[in-house]
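Tertiary structure, described
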Amino acid sequence: VGRYILRRLLSAIPVLLGITVIVFLIMSLIPGDPAMAILGSYATPENVERLNRQLGLDRTLIEQYFIWLGNIVQGDFGRSFSLNRPVLDEVLDRFSATLILAGVSLVTCSILGVAAGVVSAARQYGPADKAITLAVLVGISIPSFFLGMMMILLFAIQLRWLPVSGMYSIFGGGDLKDLLRHLVMPAAALSVVATGVIARLSRSAMLEVLRQDFVRTARAKGVPESGVVWRHALKVAMVSIIPVIGVQAGFVLSGAVYIEMVFQWPGVGRMLVEAILRRDLLLVQGGVVIVAACYVLFNLIVDVSQSLLDPRVKT
Amino acid sequence: MVALYLTRWYLGTGLAAAAMAAVGFGVTATQAQSPPGVLIVGQIAEPQSLDPHAVTAVNDFRILMNVYDGLVRYADGTLEVEPALATDWEISDDGLTYTFTLREGVNFHDGSPFDADAVVFNFERMLDEDHPYHDTGPFPLSFFFSAIDEVQAVDTHTVEFTLNEPFAPFLSNLAYPTGLIVSPAAVMEHGEAFGRNPSGTGAFRFEEWQSNTRVVVTANPDYWDGAPSLEAVVFRPLTDANTRVAEMLAGGIDVMVEVPPTALVQFEGEGYTIHEQAGPHVWFLILNTREGPFTDVRVRQAANYAIDKRAIVEDVLEGTATIAAGPTPEAFAWAYNDDLEPYPYDPDRARELLAEAGVEGAELTFLVTEGGSGMLDPVPMGTVIQSNLADVGFDVSIRTYEWNSFLGVVNPGLEGQGDMAQMAWMTNDPDTLPFLTLRTEAFPENGGFNSGYYSNPEVDELLEKARTSTDQDERAELYREMQEIVHEDAPWVFVANWKQNAVTSDAVENFALQPSFFLLLHDVVKN
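All values reported here derive from a predicted model rather than from experimental measurement. (Residues numbered from 1 in each chain as written. Chains lettered and ligands numbered in written order. Predicted model: local features only at pLDDT ≥ 70, side-chain atom pairs only at ≥ 80, totals over all residues. Heavy atoms only, no water.)

**Thoughts on the pattern of salt bridges**
The tally for this structure, following the rule as stated, stands at 26 salt bridges over all chains. Here E274(A) makes a salt bridge to R270(A), at a shortest N to O gap of 3.5 Å. With E274(A) and R270(A) both in helix α11 (residues 268–277), this residue pair falls 4 residues apart, about one helical turn. Residue R270(A) is classed as buried on the basis of its relative accessible area, which comes to 0%. Residues E82(B) and R73(B) are paired through a salt bridge, measuring 2.8 Å at the closest nitrogen-oxygen approach. Exposure remark for E82(B): the relative accessible area of 24% places this residue in the partly exposed category. Looking at R73(B), the relative accessible area reads 25%, which means it is partly exposed. Overlapping salt bridges bring together R85(A), E90(A), D93(A) and R94(A) as one network. (Salt bridge = Lys/Arg side-chain N within 4 Å of Asp/Glu carboxyl O. Helix = DSSP H or I, 4+ residues; strand = E, 2+ residues; numbered from the N terminus. Buried < 20%, exposed > 50% of the residue type's maximum accessible area, 1.4 Å probe, protein only.)

**Here we look at the interface of chain B and chain A**
Between chain B and chain A, the contact holds 66 residues from the first and 60 residues from the second. In total, about 5,400 Å² of surface goes out of reach between chain B and chain A, with carbon and sulfur atoms giving 56% of it. Counting the contacts that link chain B with chain A gives 2 salt bridges. In this structure, E192(B) engages R79(A) in a salt bridge whose closest nitrogen and oxygen atoms are separated by 3.6 Å. Linking chain B with chain A are 17 residue pairs in polar contact (both at pLDDT 80 or more), by the criterion used here. When residues of the side of chain B that touches chain A are traced back to their parent elements, those giving at least two are α1 (2–6), α2 (12–29), β1 (38–43), β10 (232–237), α7 (241–250), α12 (403–410), β17 (420–426) and α13 (432–437) of chain B. The element that contributes the greatest number of residues to the side of chain B that touches chain A is α7(B), accounting for 6 residues. Across the side of chain B that touches chain A, the residue classes tally to 32 nonpolar, 24 polar and 10 charged. (Contact = heavy atoms within 4.5 Å. Buried area = accessible area lost by both parts, 1.4 Å probe. Polar contact = N/O pair within 3.5 Å; in protein donor to acceptor, adjacent residues only side chain to side chain. Nonpolar A, V, L, I, M, F, W, Y, C, P; charged D, E, K, R; others polar.)

**What about the environment of F443(B)?**
Residue and element names in this part refer to chain B. Mapped onto the fold, F443 is located in the loop between α13 and α14 (457–468). Measuring from C-alpha to C-alpha, the distance between F443 and P412 comes to 8.8 Å, with 31 residues separating the pair along the chain. Those residues in contact with F443 that sit more than four places away from it in its chain are R290, G448, N450, Y453, Y454 and S455.

**Regarding the packing of aromatic side chains**
All names here are of chain B. The tally for this structure, following the rule as stated, stands at 32 aromatic pairs over all chains. A ring pair is formed by F145 and F170, whose centres lie 6.3 Å apart and whose planes are at 90 degrees; its orientation type is edge-to-face. You can see F145 sitting in the loop between α4 (116–127) and β6 (148–155) and its partner F170 sitting in helix α5 (residues 170–174), a full 25 residues away along the chain. The exposure class assigned to F145 is buried, which follows from its relative accessible area of 0%. Clustering of aromatic rings is evident, with ring pairs tying together W89, Y98, F100, F123, F145, F161 and F170. One Lys or Arg, R290, reaches over the ring of Y453 and ends 3.8 Å from the middle of that ring. When the ring centre of F435 is taken as reference, the NZ or CZ atom of R467 above it lies at 3.5 Å. (Phe/Tyr/Trp six-rings, centres within 6.5 Å; stacked < 30°, edge-to-face > 60°. Lys NZ or Arg CZ within 6 Å of the ring centre and 35° of its normal.)

The structure is reproduced here in structure tokens:
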């Protein structure tokens, strides 16, 4: 397994390089450049040229790319001109915020989704199944940013139970309790859709497993029903549920962009949106590389855990 | 990195005590209420830098104007220049030499003295590419001072600027954020990180900048114009307008700027005050006078008659703008031509003119942006304009662009791109906008912004004269004449002048918006 992990990590390098090339190309294909973004209405050709020279952007794109690549190999992600700060500091700061949000959401939606799916499958066509199926359908259909805004209206403005936005209070706070209070709404809004998807797929995975022979055998041997469902069947069903969770991890990360905008969560998604609008190439690159690396890592974790659960999956 | 966020944050002992008190009752009333004396401002974005010479956004200016002073400033409620760090100045008869007497006994927040050498350092850092600290830039708006030939310290408290040509907007540019004076000692100490460690002479001193969370400034008790009443100001970046409104309703901020027009109604009841102030802003349509139907002045006038500006201003913008009469905003009171009447909404007159010109049913390509600095609500505004023009027989197709892409298409000129384009400008003097957008010399191929290729030798001459004259009355006369001609020639459709707005909670007193669109918090009280 160790060698497999190493091989997968090495194979991630060309993937990451490919992504940086694509980002570089896209950023060069869209009109407008950083100087224009900074100067706005004052972007005369003369001013743009002068500013690009000061920003070191007067070189060709290929030159810029290789300079960037050379620096990155030495761990230097450059300095963001739009934030006046080293890219790495900014990305790490922001990424830790996103990880907290996405991580909590992922754990929440995995536990709730699997539990709902299992209950649903065990009581197929019963009232619990119908209620859960309906709730899941509604959950999948509501856009998360809309849900977020509605939550703000209700819990922050009407009831005043929770803060509207941000990650910590402006006054006092700064402790774990404060963080959790700020985290409740964005994490909930972010997990709803993923919970629904996981619940649906867990239900069908469980239904399939519950029809298999070994389940009948277990029941025949007198194993209590809850033991059959939660211990025997779920363990087998997890083999097909885990890849779904892996895919949802990706969706949660990208969904975090909207949620971060609505709740002004200082995460990497919001950072990327702003960096793209300001044409801050170095910041976009730095952010994308780290997010992409994270995807690769998620997939790796999923594959490895799948092979640990199911000996038939070769590593 | 999580530890970074978990560290507690204190702001001097007094404030810490206040904060602790807030935590105390915060358990029931949530985070919301901030302590008296501390003002929380909801900004529209994270500042780019707190180096006034390095930034271009009004959003950043709102912080900077409270941390720094310039040699001169705009008098309260006007766009007229008055003394600030300079107590007095003299302009030579040829308009080439400006001699400033500097205020004595002023220190920067870092303790270093403000003197003539500091002023020289500021302008040389921006303008001289060989200056040792020029690399702490870039300085995108340094061309505001490109007329400066030399800056000299005559003695400790006298500075002399020599210009390479008479340049009337010079004083006004000095009052702009690009003319704010930074501490040379702090620049030397922090280098390119000065923008995150700013030091000026202003009413508030910089305390802390936590990325994407807050910028905190505290009162400067030694401020030359009297210590401010507030103890501290916290600027919070809230990029999403809906979230900004929600924070205001929940009490998470005390002041909110740039309230979306549709949200204003929520603040009309008790508990809030809505502030409005017309500014030096104009929103217009550039018409392509080089090719297509708008080469004919009658068609351009017809477009001005055809568009229902009142509907745009009152219904789309919910009263957050006024109707523009001509190219110069009314906020420049001294240079504004009061006799100018906006083109009335008169579709019949428009149809007549189009019939005369023989271009009924012409097809037009209309370039629209999704949003951008000063563009207000461009897509709905564009849609109204499209339907107004359709009413008089035009067939208008809209092409929409993201802001930077839009500038990339429009700034190089409309030839081959479209017949009309949205645009908005905000300037600090009446000179800049017409100079850059209405002169023959300012065609895009010459590096200007005259993207519609308007050319009238009479206007060229008036603008050239107005820019070099040092007599304000004479300049006013020239600008009034220019506005009349441009109004008649109609190279643009004159649409709206934006009224900046803000909402404050009842705890805030003495708050006023400025025509300059700067946010000045020196006199504000928070109970």
